Amino acid sequence: MTVTFQLNGEDCRFHGDPMTPLVDILRQERFLTGTKAVCREGFCGACTVHVDDEAVPSCLKPVGLVEGCAVTTIEGLSSGNQALHPLQANLEAADAVQCGMCFPGMVMSLSAFVRDNPHASRPEIKAAMVGNICRCTGYERIVDAVADCLDQARKAGQLVGGINV
Amino acid sequence: MAPGVERSFTAASTLEEAMAARRQGAAVLAGGTCMMRDPRRGIDLPEAVVALHRIPALSKVEIEPDHVVIGAAVTHVVLGRALHGAAGFEGLVAAAQGAANPGIRRVATVGGNLCAFDFAAADLSPALLVCEATVELETFKGPKLLGISDFLKDRHTLLTEAIVTRIHLRRDLIASAHIRLPLRKAGDYPVAIVSLAVDKDKRCRIAVGSVEPVARRWTALEQAMAAGPPSALDPERAAGFALEHNDFQGRDGREAEGWYRRQVLPPLVKRGVAALLKTEGLA
Amino acid sequence: MSELSATVMNLPRRDAQDKLRGRTKYTNDRVRPDMLHAVLLRSTVAAGRIRRLDVSAALRCPGVRAVATGADAPGLYGIGIADHPLLAIDTIRYHGEPIAVIAAETEKQARAALAAIMLEVEPLAPVSTMAAALQPAARLVHEGWRGYEVITEGGARAGNIAWEAKSSRGDVDAAFARPDIRIVESSFTVGRQSHVPFEPRVAIGSWEDGRAHIQTSTQVPWTVRNVTGRVMQLPPGRVRVTVPPVGGGFGLKFDASIEPITALLARMTGRTVVLENTRQEEMATCLCRENAEIRIRSAVTAEGHIAGREAVVLMDCGAYGGEQVFLTTMTAHTLGGNYKVGATRLVSRAVYTNTPPNGAFRACNGVYNAFALERHTDEICDALGFDPMEFRKKNVLGDGDLGATGQVFEDDVLGPMLGRMEALRATTGTSEAKADGRLYGMATTVGTWFVFVGPSAATVNLNADGSATLVTSGVEIGSGTMVQSLPQIVAGQLGLAPDQVIVREADTDAAGLDVGVGGGRTTVSIGAASVAACAEVREKLLRTAGEMLQTRPEDLVLRDGRVEITARPGSGMSIPVVVAHAQATTGPITGSGAFTARNTPAMSGCAMGHFIDALDIPVFVVHEAEVAVDPDTGHVEVLAYRVVQDVGRALNPRAILGQIQGGVVQGLGYALHEEVTLTADGRIAQDDFETYRLPLAQDAVPVAADLYEGAPSMGPLGTKGAGEVPILAVGAAIGCAVARAIGKPVRQLPLTPPRVLRLLHEREPPPELSHIAPGWAANTLG
Ligand SMILES: Cc1cc2nc3c(=O)[nH]c(=O)nc-3n(C[C@H](O)[C@H](O)[C@H](O)COP(=O)(O)OP(=O)(O)OC[C@H]3O[C@@H](n4cnc5c(N)ncnc54)[C@H](O)[C@@H]3O)c2cc1C
Ligand code: FES
Ligand code: FES
């Protein structure tokens with residue numbers, strides 16, 4: 001079967017088993033290895049991508065279900081020489097990264113979260129991270145970075161992601 | 001799947017199309033969060049699937065003054081958002097917003113949660129039990145309506161020739177609550193769930209999930225509470241009744257043993273009643 | 001000290017941007033379409049004899065290019081004793097043990113061909129527990145144990161006891177016989193902990209010009225090189241190991257495991273072969289922190305003096321000796337640490353069972369020995385009516401005190417650190433109010449660990465653009481040493497900015513021997529080797545500059561990328577000018593440096609079967625936890641967590657605080673959530689993220705930490721490793737705090753809600769350790 005979807009803004013055509021998990025196509029056929037397959041069961045969030053702007057795990061997404069959808073991966077969030085997404089910049093500034101394997105998924109989940117929840121509190125940020133596991137950092141710096149990111153956006157009168165409030 | 005055989009994948013745009021595929025042997029694919037984990041459990045993916053997400057009628061929540069209709073392909077997130085603030089549905093909203101994790105809730109559907117029949121920890125089952133929901137099925141012989149209790153009990157056989165299409169709820173509740181107990185704060189399956197609701201006659205409905213293989217109403221407790229004065233809606237008293245009428249056989253699982261699931265029920269009832277009492281006019 | 005001020009800074013990580021953008025290529029991101037995929041046939045029984053193994057049909061399956069079995073790699077490897085085959089030979093010793101491996105064009109083809117391997121196994125009744133393994137008539141997990149090559153001499157061994165280490169100082173019998181003492185005895189059991197690095201064990205092997213090249217996610221490139229040589233019966237020099245960025249290790253990757261298999265298949269096929277554990281395989285065969293059983297007895301006077309102490313520690317090594325053989329050593333320094341004790345004797349035994357082999361995990365057995373010792377200390381305080389904090393202040397190791405092997409500790413460290421904890425608590429306040437009606441408990445605990453020193457080598461090349469290239473076998477596993485402390489150290493030595501220091505990825509063909517990244521050793525050992533290499537570079541640089549400036553080298557300094565006359569800032573010339581001159585006259589400027597353990601002495605006759613008789617660099621921690629326990633459900637909520645950590649010298653305080661936060665949360669997992677149990681048929685029951693409960697963001701708390709500087713250390717600029725030790729006393733602090741909250745003794749970890757509820761209802765049976773004999777000596781091989 002052929003499945004057609006948008007991948008990081010470009011047309012992408014996949015021929016093969018429509019029940020193939022999206023993550024395998026990203027990694028094995030498109031070499032977009034920023035999306036990580038860590039648990040393959042929906043618990044860790046390392047495989048998170050945006051499908052029609054919603055952050056979802058790509059390990060449990062049969063590619064047949066993304067027919068006609070727009071898929072954005074970590075590589076599409078700030079590509080080439082583009083500046084880091086404000087959340088990425090805050091994570092860098094907080095010295096939050098350790099082994100780094102969880103971060104692409106963490107960034108994809110939380111970039112959608114900061115876009116949709118400009119007034120989130122610390123407990124709300126933590127609740128949004130239930131599906132994103134990090135084995136290295138102990139989380140708090142990631143939470144700090146999200147809170148900083150929201151603070152800055154509020155001060156600048158912007159939604160994170162660039163749209164004016 | 002035999003080598004060389006191509007898997008059949010139908011994204012149905014109408015229920016008729018979905019039923020046609022179903023008659024040909026296609027399995028229903030909703031969000032896929034349960035089905036895509038089958039290979040890990042040693043089960044092959046079905047050779048033919050029919051996806052429901054393109055059928056508009058199954059993807060919406062209709063809220064009327066006296067009833068609510070939920071399409072089977074509605075996700076947890078959409079359900080929680082649609083019913084947010086609707087009096088009486090606090091428990092169902094809490095179930096939809098507290099299950100699994102945010103990424104899964106954006107994908108997993110109401111139908112999938114109710115139809116994964118070997119999954120004991122489903123949050124929506126007890127929440128819908130206290131709503132006394134009616135499940136609408138499209139079977140090979142035509143549409144069929146049945147109560148949620150019967151559906152849960154018989155779904156194993158019912159689903160061999162059917163698709164769940166809608167869930168119907170009356171708006172006869174004044175308050176409800178959903179108390180789930182994972183072993184961490186969240187993110188793992190709840191080891192026990194207690195859903196409670198109070199209807200317009202101030203009668204209390206209570207259902208328990210995850211403790212036994214299939215969620216069920218806690219009739220003994222409901223009767224005990226109904227026998228008392230209305231002031232029986234007191235957390236401590238309710239917990240006392242729960243202790244006395246604990247007729248559950250806890251199931252042993254990898255995450256918790258049966259005795260634990262059973263043991264925590266009275267305190268969960270206490271929390272649930274306390275949550276109900278926060279609703280205006282109930283205290 | 002200007003060298004110090006030029007080195008200490010909160011240098012950001014140079015790898016952060018790429019990691020955040022998903023551009024970093026870990027080993028498992030380097031799979032290419034032209035590679036073969038390898039898949040393992042693993043045992044489905046815990047013990048058995050291989051009666052027939054025929055792979056000929058599998059070789060004929062579509063896409064299959066090679067099949068290997070134990071016969072293709074007959075060498076045995078191990079730590080201390082060589083007992084471990086790469087693929088099972090004749091005997092199966094654990095569920096999940098690799099028996100054969102298939103390389104095919106696709107992973108699917110390789111998996112499909114597994115079914116074509118003809119395997120007949122005669123199952124044996126597995127020896128599943130240490131209690132069973134220590135029965136006099138127990139079946140031997142290794143029938144041929146006597147015949148194994150002994151790599152390190154000194155340990156006692158017998159049958160199912162893979163290794164035994166003992167320490168004994170003073171007359172313990174006399175101490176226990178004193179009329180003025182009370183005897184307190186406690187028993188503990190702890191479960192395994194799975195590392196769950198986000199990148200599983202994975203390797204890519206190729207065969208190039210008659211040599212193996214393995215790219216792998218490891219902490220120990222030299223071990224992988226040497227083990228591959230051993231099992232393939234090649235000189236290790238015919239193996240090259242390179243290490244891309246590693247997606248987490250925590251000790252799991254401190255041993256070779258699947259890597260040599262890829263070299264073997266590459267030699268057979270002439271193709272590049274990738275082998276990656278699935279998550280299920282990774283968790284089912286994880287070289288976990290071992291489960292252990294501990295009995296401690298102490299003789300304590302009414303004044304609170306610990307006159308005598310004895311302990312037996314049983315460590316389950318699983319089917320093969322592995323790290324546990326080495327780690328038996330650490331009991332003397334962890335259970336034997338923390339406190340001054342009159343006479344002491346400790347035995348620690350690594351016991352073979354038919355279960356998946358265990359390994360090293362961040363602070364290893366220190367984590368549970370700290371738990372056992374601190375809970376035992378609280379039981380002493382309960383029994384004799386001492387205040388736990390006062391008892392600790394009075395008894396913690398100080399200057400001149402003796403450890404269990406007779407090592408003399410230098411300086412008062414733990415005592416002042418306890419004071420600093422009280423000061424820290426005064427600034428943060430306490431959180432009892434947040435308990436909100438639940439049972440509240442707080443505990444302050446101490447811990448002793450060490451920096452694993454040992455050989456490291458470094459080369460520094462000074463380049464004509466003024467940059468320096470640091471070549472070592474260090475690996476970046478996430479802790480930041482390769483991107484923060486090492487470039488900081490080299491920059492500080494050479495008067496450069498850290499971004500002028502290029503750090504080479506580990507390559508055993510390019511850099512000298514290193515025992516690996518673990519035990520908090522990179523900053524210390526590779527750091528010290530780098531300082532030595534820089535000294536040679538400096539010397540050459542200053543000599544050349546001296547000639548150019550007609551000044552004595554002693555009068556020159558390296559500052560801000562220049563060689564200057566000490567007294568005249570801004571004088572002299574830039575480093576590139578000097579380097580260019582040297583290149584034209586005496587040749588390029590390079591330096592090499594080496595470092596190894598000092599081998600601090602123990603008292604003679606005190607340590608038997610130890611790999612380390614005394615600690616070159618002890619490290620101390622003080623941890624304090626506040627918890628609330630829900631009496632209805634047994635849930636423990638951590639309300640606050642505080643750490644005072646002995647860091648020697650903090651080169652990058654912000655990075656150390658990040659390690660502390662991460663290590664403490666990993667410890668909270670061990671103490672509260674992460675449970676590994678073995679099924680009746682010898683499998684690890686929790687082999688996925690559904691059942692193995694890692695701490696999530698909501699289970700974490702911000703850790704308040706104070707870095708204690710100035711304790712003696714042989715590390716460069718006085719540093720000690722800071723990344724390993726934050727997990728050390730978490731089980732201890734949580735265990736003690738929960739015990740105080742619920743008013744019942746806590747003798748097991750993890751404290752899952754069901755376990756806590758059982759404790760509250762007194763339905764949790766105390767550990768029953770009847771296989772530990774009442775008399776200490778009866779638990780030793782004499
Ligand atoms: C990480 C993780 C955590 C989870 N935690 C929780 C939790 O805390 N609480 C909880 O309740 N659940 C939890 N779940 C389970 C999850 O909610 C269910 O997997 C989900 O509800 C299934 O929905 P789906 O749409 O993805 O179903 P699918 O996987 O698409 O389908 C599941 C089954 O139902 C059948 N089916 C689906 N829709 C219909 C229909 N309309 N008619 C007939 N048959 C149908 C399918 O054929 C299949 O057999 C968790 C799952 C994951 C992956
Ligand atoms: S890999 Fe998809 S959630 Fe873990
Ligand atoms: S940084 Fe390693 S998993 Fe998050």
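Residues numbered from 1 in each chain as written. Chains lettered and ligands numbered in written order. Predicted model: local features only at pLDDT ≥ 70, side-chain atom pairs only at ≥ 80, totals over all residues. Heavy atoms only, no water.

Caption draft 1: Structural view of the overall build of chain B. Scanning chain B from terminus to terminus reveals eleven helices and twelve strands. Across its three principal directions, the C-alpha atoms of chain B cover 65 × 45 × 35 Å. Within the span of chain B, comprising 283 residues, buried residues form 57% of the whole. Summed over all atoms, the accessible surface of chain B reaches about 11,600 Å², with 53% contributed by carbon and sulfur. Between the averaged position of the 35 positive side-chain charges in chain B and that of its 32 negative side-chain charges there is a distance of 4 Å. (Helix = DSSP H or I, 4+ residues; strand = E, 2+ residues; numbered from the N terminus. Buried < 20%, exposed > 50% of the residue type's maximum accessible area, 1.4 Å probe, protein only. Areas by Shrake-Rupley, 256 points an atom, 1.4 Å probe, with all protein chains shown as cover. Lys, Arg positive; Asp, Glu negative; His and termini not counted. Charge placed at Lys NZ, Arg CZ, Asp CG, Glu CD.)

Caption draft 2: Looking closely at the pairing of strand β23 (residues 468–471) of chain C. All names here are of chain C. Side chains Ala468 and Leu470 project from β23 onto one buried face, and the interleaved Thr469 and Val471 project onto a second face that is buried too. Pairing between strand β22 (residues 456–462) and β23: four bridges, direction antiparallel. Within the sheet, the bridge partner assigned to Thr459 lies in β23 and is Val471. Connecting β22 to the next strand, β23, in antiparallel fashion are five residues, including Gly466 with a positive phi near 90 degrees. Bridge count between β23 and strand β24 (residues 501–503): three bridges; the pairing is parallel. Across the sheet, Ala468 pairs through a bridge with Val501, a residue of β24. Read from β23 through helix α15 (residues 481–494) to β24, the crossover connection turns out right-handed. (Pairing = 2+ DSSP bridges. Right-handed = clockwise from strand over helix to strand, strands pointing away.)

Caption draft 3: Layout of the interface of chain B and chain A. Counting from both sides, the interface comprises 27 residues of chain B and, opposite them, 24 residues of chain A. In total, about 2,100 Å² of surface goes out of reach between chain B and chain A, with carbon and sulfur atoms giving 64% of it. At the boundary of chain B with chain A, the tally comes to three salt bridges. For Arg40 of chain B, the salt bridge is made with Glu41 of chain A, and the minimal N-O distance between the two is 3.9 Å. Between chain B and chain A we count six residue pairs in polar contact (both at pLDDT 80 or more) in total. Secondary-structure elements contributing two or more residues to the side of chain B that touches chain A are β3 (48–51) and α4 (102–105) of chain B. Counting residues per element, the side of chain B that touches chain A draws most heavily on α4 of chain B, which supplies three residues. Each residue belonging to the side of chain B that touches chain A can be placed in one class, and the counts come to 14 nonpolar, seven polar and six charged. (Contact = heavy atoms within 4.5 Å. Buried area = accessible area lost by both parts, 1.4 Å probe. Salt bridge = Lys/Arg side-chain N within 4 Å of Asp/Glu carboxyl O. Polar contact = N/O pair within 3.5 Å; in protein donor to acceptor, adjacent residues only side chain to side chain. Nonpolar A, V, L, I, M, F, W, Y, C, P; charged D, E, K, R; others polar.)

Caption draft 4: Geometry of the side chain of Arg693 of chain C. Examined against the element boundaries, Arg693 of chain C turns out to sit in the loop between α18 (653–673) and β32 (703–709). If we skip the residues at most four places from it in the chain, Arg693 of chain C touches Leu183, Arg184, Asp188 and Glu255 of chain B together with His673, Glu674, Glu675 and Thr752 of chain C.

Caption draft 5: Summary view of the interface of chain A and chain C. Across the contact, 47 residues belong to chain A and 52 residues belong to chain C. Summing both partners gives a buried area of about 4,000 Å² for chain A against chain C, and 56% of it is carried by carbon and sulfur. On the surface where chain A and chain C come into contact, there are four salt bridges. In this structure, the salt-bridge partner of Asp29 of chain C is Arg27 of chain A, at a minimum N-O distance of 2.8 Å. Our count for the chain A to chain C interface comes out at 30 residue pairs in polar contact (both at pLDDT 80 or more). At the level of secondary structure, the elements contributing two or more residues to the side of chain A that touches chain C comprise α2 (74–77), α3 (86–93), α4 (103–116), α5 (122–128) and α6 (140–155) of chain A. Its residues assigned to classes, the side of chain A that touches chain C comprises 26 nonpolar, eleven polar and ten charged.

Caption draft 6: Summary view of the pattern of salt bridges. Residue and element names in this part refer to chain C. Within the structure shown, the criterion is met by 91 salt bridges over all chains. For Glu281, the salt bridge identified is with Arg42, shortest N-O distance 2.7 Å. Of this pair, Glu281 sits in helix α9 (residues 279–284) while Arg42 sits in strand β1 (residues 36–42), and the two are 239 residues apart along the sequence. In this structure, the salt-bridge partner of Arg65 is Glu105, at a minimum N-O distance of 2.8 Å.

Caption draft 7: Quick peek at the packing of aromatic side chains. Applying the stated criterion to the full structure yields 16 aromatic pairs over all chains. Consider the rings of Phe198 of chain C and Phe689 of chain C, whose centres lie 6.4 Å apart with planes at 40 degrees: the pair is tilted. Remark: Phe689 of chain C occurs in the loop between α18 and β32 and Phe198 of chain C occurs in the loop between β13 (181–190) and β14 (202–208); sequence separation between them is 491 residues. We classify Phe689 of chain C as buried; its relative accessible area is 3%. Cluster of aromatic residues (ring-pair linked, three or more members): Trp163, Phe254, Phe326, Trp449, Phe450, Phe452 and Phe611 of chain C. Of note, Arg216 of chain B hangs over the ring of Phe248 of chain B, and the distance from its end group to the ring centre comes to 3.9 Å. The aromatic ring of Phe361 of chain C is capped on one face by Arg289 of chain C, whose charged end is 4.4 Å from the ring centroid. (Phe/Tyr/Trp six-rings, centres within 6.5 Å; stacked < 30°, edge-to-face > 60°. Lys NZ or Arg CZ within 6 Å of the ring centre and 35° of its normal.)

Caption draft 8: Just the domain arrangement of chain B, in detail. All names here are of chain B. Here chain B is partitioned into domain 1 (1–54) and domain 2 (57–283). Once you take the C-alpha centre of each, domain 1 and domain 2 turn out to be 27 Å apart. Surface buried jointly by domain 1 and domain 2 totals about 1,300 Å² across both partners, of which 69% is contributed by carbon and sulfur atoms. Taken together, the connections running from domain 1 to domain 2 amount to zero salt bridges. The interface formed by domain 1 and domain 2 contains four residue pairs in polar contact (both at pLDDT 80 or more). It is helix α1 (residues 15–23) that provides the largest number of residues to the side of domain 1 that touches domain 2, a total of five residues. Looking at the side of domain 1 that touches domain 2 residue by residue, the classes come out as seven nonpolar, three polar and three charged. (Domains from an automatic or database assignment.)

Caption draft 9: Representation of the domain arrangement of chain A in the model. Residue and element names in this part refer to chain A. The domain boundaries assigned to chain A delineate domain 1 (2–77) and domain 2 (86–155). Each of domain 1 and domain 2 has a C-alpha centre, and these two points are 22 Å apart. Domain 1 puts 16 residues into the contact, and the matching count from domain 2 is 14 residues. Summed over both partners, the interface of domain 1 with domain 2 buries about 1,200 Å², with 63% contributed by carbon and sulfur atoms. The largest share of the area that domain 1 buries against domain 2 comes from His50, Ile74 and Leu77, three residues that together contribute 34% of it. Run the count over domain 1 and domain 2 and you get zero salt bridges. Run the count over domain 1 and domain 2 and you get five residue pairs in polar contact (both at pLDDT 80 or more). Mapped onto the side of domain 1 that touches domain 2, the elements with two or more residues apiece are β3 (48–51) and α2. Looking at the side of domain 1 that touches domain 2 element by element, the count peaks at three residues for β3. Looking at side-chain class alone, the side of domain 1 that touches domain 2 contains eight nonpolar, six polar and two charged residues.

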